[in-house]
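A look at the structure
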Amino acid sequence: MKYYLFILLFVNQLFFSQTQFPTTDFISPLDIPLSLSGSFGELRSNHFHSGLDFRTQQKEGLNVYAIADGYVSRIKISTFGYGKAIYITHANGYTSVYGHLQRASGNIQLYIKQQHYQLQQFEIDVFPKPNELPVKKGEVIALSGNSGGSGGPHLHFEIRNTATEKIINPFYFGYDAFIKDTKAPVINEIIVYPLSDDAVVNQSQLPISLPLSLQKDGTYLASKVLAKGAIGFGINTYDQSDNNYGKNGVFKITSVLDGKNAFSVDFSTFGFDETRYVNAYIDYTRYKKLNQRVQQLFYHKKYPLSIISAPNGNGIIQVENNLSHVFNVEIIDFHGNKSKVVVPIQFTNSAAKIVKPMAKTEFKIKSEREHYFTKENVSIYFPENVFYHDTFLNIDVTKGILKLHDETIPVHANFSIAFQNDTIPETSREKYFIASNNGTKKSYHSTKIKGNTFTAWVKNLGQYQLLEDSKAPLIKPINFEEGKWLSKQNTIQLSITDDLSGIKTYNGFLNGKWILLDYDFKTNLITHDFSDNVVIEGKNDLKIEVVDNVGNSTIFETHFYRSQKP
């Protein structure tokens, strides 16, 4: 079975490497020099970055162009994620994606407004027909922005295979030519991991960082590894392009043991169903403790991530029988710049001076099985394959707070937590929910209530507790006052906040008619644009309704005046 899996992976990679991508069909989506703030496959929280992020000169409102003829096949407006995003399907079999937009342009924007008002909601996900919104190469389709989960103004840009929806590195389509890159990838650190119970590395049973020295030929030489048992390596690395000091992801990593390929990583393409496996690929514990993303060049248990391959095993090295080895790691960017590390390995039978602490507890997880645990009034159910490998968990309940190990162990899929509480009156139960509690912030989780049992499906270890939210959201006008004339304004803005369970829905009405409110969760602002032509001459009655996640609601009513005469 493992042999068949390797053959299939090899055939897929061979097919991909031989594919001829159109490098002259597409133009730049921006009319400024392209500068990367994020690369394809870059390591992000719980995912690999699925495109390129282009800087927009620290501002919004730049023209965004269709990279080729096609038609708008999807429009998704979301409070989080890509924010305002447009998808264009092209005749050559690929779809381009433009995210974090400020707004669309022309007929596309008119279509979006129509959909907002028809569906009476800000968040929409619609799929226009091929003949509804055709676009031409070079047509302005939108203005760049900072919407959704963006951390600053930029354009998120993707190219996908239309048939499979696999994301492909846009550099294959000629976008590498827009980025000047003569810099070799930077190697921050090489980590060596003792992996078996009897493994020792430089007299340690814990992972250690290896000192590196730069050689005359430009390669790095690591200090000698004196080891026994099963070991593996990880690398902390990043790439930079010219005139760009951002730390971006690399393109390929290849490791070689004694002249044979051991483990390789290729950020050419992947599927969205694979992306959370980033937590299995990196040293997740080190990331949570030190905020360092070390890419592990081995695996204990095979997981379905197509960017990795280990043709001669699993990347784990067995050091035994007085043998020595040479381990090489080469990092390459898409422009062909390379960095290389050479690691000498020698067998030793020395005992460990640094001993790994025992991690065993009464709660043992076999990753391929489902598990059900109870502690006091709390029950936890783990379906099979929630964890990437077998592990032990610490589970405790103190003063109503579930301490479910900590966040240093990654979780791949949802599991359930259930609190039982007989003391909460039935009439008050709908105001209670299960919250994660990291010590400084409490976060809402959708909670199902049945009798005296409160159940939520969650995706991280850590602290959880049952909380009551009896406080309604707050609504505050920002750029207007009641009874004032707003003839010179183009918008009205209000702040909406909720200090515990969070906002679930919000709606606005002008003179009894529903209005579109553009919501930016980063600033807590909702904005209505008078260009929607709902506002009337003279007095306008405004009503805003906001409901939080447990049903507390607030209604804010006011009025203003507006003259539309010049």
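In case you missed it, the structure is sitting above this.
Residues numbered from 1 in each chain as written. Predicted model: local features only at pLDDT ≥ 70, side-chain atom pairs only at ≥ 80, totals over all residues. Heavy atoms only, no water.

1. Focus: the overall build of the chain
The condition that has to hold: Secondary structure elements are defined from DSSP: runs of H or I of at least 4 residues count as helices, runs of E of at least 2 residues count as strands, and each element is numbered from the N terminus. Using a 1.4 Å probe on the protein chains alone, a residue whose accessible area is under 20% of its type maximum counts as buried, one over 50% counts as exposed, and one in between counts as partly exposed. By definition, residues are in contact when any of their heavy atoms lie within 4.5 Å.
In terms of regular secondary structure, the chain is built from 4 helices and 48 strands. Over its C-alpha atoms, taken along the principal directions, the chain stretches across nearly 90 × 65 × 40 Å. For the chain, with 566 residues in total, the buried portion stands at 50%. For the chain, restricting intrachain contacts to residue pairs at least 6 apart in sequence, the fraction spanning at least 24 positions comes to 68%.

2. Quick word on the nonpolar core
The test is simple: We define a nonpolar core as any set of buried Ala, Val, Leu, Ile, Met, Phe, Trp, Tyr and Cys residues linked to one another through side-chain atoms lying within 4.5 Å.
By size, the foremost hydrophobic cluster in this structure holds 113 residues, and its most contacted members are I141, V225, I231, F233 and Y281. Broken down by element, this core gets its largest block of residues, 5 residues, from strand β20 (residues 225–238). When neighbours within four sequence positions are excluded, Y281 is seen to be in contact with L43, F48, I253, V265, F267, V294, Q295, Q296, Y303, L305 and I308. Within the second largest apolar cluster, 27 residues are counted, among which are F382, I395, L404 and L466.

3. With respect to the packing of aromatic side chains
Short version of the rule: Between rings of Phe, Tyr and Trp, where Trp is taken as its six-membered ring, a pair exists when centres lie within 6.5 Å; planes separated by under 30 degrees are stacked, by over 60 edge-to-face, and by other angles tilted.
Inspection of every chain in the model, using the stated rule, returns 37 aromatic pairs. Ring centres 5.1 Å apart and planes at 65 degrees place the aromatic pair F157 and Y175 in the edge-to-face group. Separated by 18 residues along the polypeptide, F157 in strand β13 (residues 154–161) and Y175 in the loop between β14 (167–168) and β15 (186–194) bring together distant segments of the chain. Side by side, F157 and Y175 carry an identical accessibility label, which is buried. Residues F363 and F373 carry aromatic rings whose centres are separated by 5.3 Å and whose planes lie at 75 degrees to one another, so their mutual orientation is edge-to-face. Here the residue F363 occupies a position in strand β29 (residues 363–365), and F373 occupies one in strand β30 (residues 371–375), the gap between them amounting to 10 residues. In this structure, F363 and F373 share a single accessibility class: buried. Put simply, the rings of F21, F26, Y94, F171, Y172, F173, F251 and F334 pair up and form one aromatic cluster.

4. Structural notes on the pairing of strand β38 (residues 447–450)
Going by this rule: Should DSSP find at least two bridges between two strands, the strands are taken to pair.
In this structure, β38 lies alongside strand β39 (residues 453–458), joined through 4 bridges in antiparallel fashion. Bridge pairing in β39 places K448 opposite T455. Here β38 hands over to β39 after 2 residues, with G451 in that stretch at a positive phi of 65 degrees.

5. Considering the sheet that holds strand β9 (residues 101–104)
We apply this condition: Angles shown run from 0 to 180 degrees and are taken between the N-to-C directions of axes, each axis being a line fitted to C-alpha atoms and, for helices, limited to the stretch in contact.
Pairing within the open sheet is antiparallel, and its 3 strands lie in the order β5-β12-β9. Lying at the two open borders of the sheet, with one neighbouring strand each, are β5 (63–65) and β9. On average, each strand axis in the sheet is tilted by 35 degrees relative to the strand beside it, whichever way the strands run. Sheet topology note: the β5/strand β12 (residues 140–144) ladder contains 3 bridges and is antiparallel. Residue pairing across strands places Y65 opposite V140, the latter belonging to β12.

6. Things to note about unusual backbone geometry
Even without a glycine there, the phi angle at N322 is positive, about 60 degrees. With respect to the secondary-structure elements, N322 resides in the loop between β26 (317–319) and β27 (324–332). A relative accessible area of 66% places N322 in the exposed class. The phi torsion at K399 lies on the positive side, around 50 degrees, for a residue other than glycine. For K399, the position within the fold is in the loop between β33 (395–398) and β34 (401–404). Judged by relative accessible area, which is 82%, K399 ranks as exposed.

7. So, the environment of D181
Counted only if it meets this: What qualifies as a polar contact is a pair of N or O atoms within 3.5 Å, subject to a donor-acceptor requirement within protein and to the restriction that residues adjacent in sequence count only when both atoms come from side chains.
In this fold, D181 is placed in the loop between β14 and β15. Take D181: its relative accessible area is 9%, and that puts it in the buried class. Between the C-alpha atom of D181 and that of I308, which follows or precedes it by 127 residues, the distance is 25 Å. Setting aside residues no more than four positions away along its own chain, D181 makes contact with D239, Q240, S241, D242, D333, H335 and N337. A distance of 3.0 Å separates a polar atom in the side chain of D181 from the backbone nitrogen of K183.

8. Looking at the side chain of T56
With respect to the helices, strands and loops of the structure, T56 is situated in the loop between β4 (52–55) and β5. Looking at T56, its side chain comes within polar contact range of the main-chain oxygen of K59, at 2.9 Å. There is a polar contact of 3.3 Å between the side chain of T56 and the backbone oxygen of P153.

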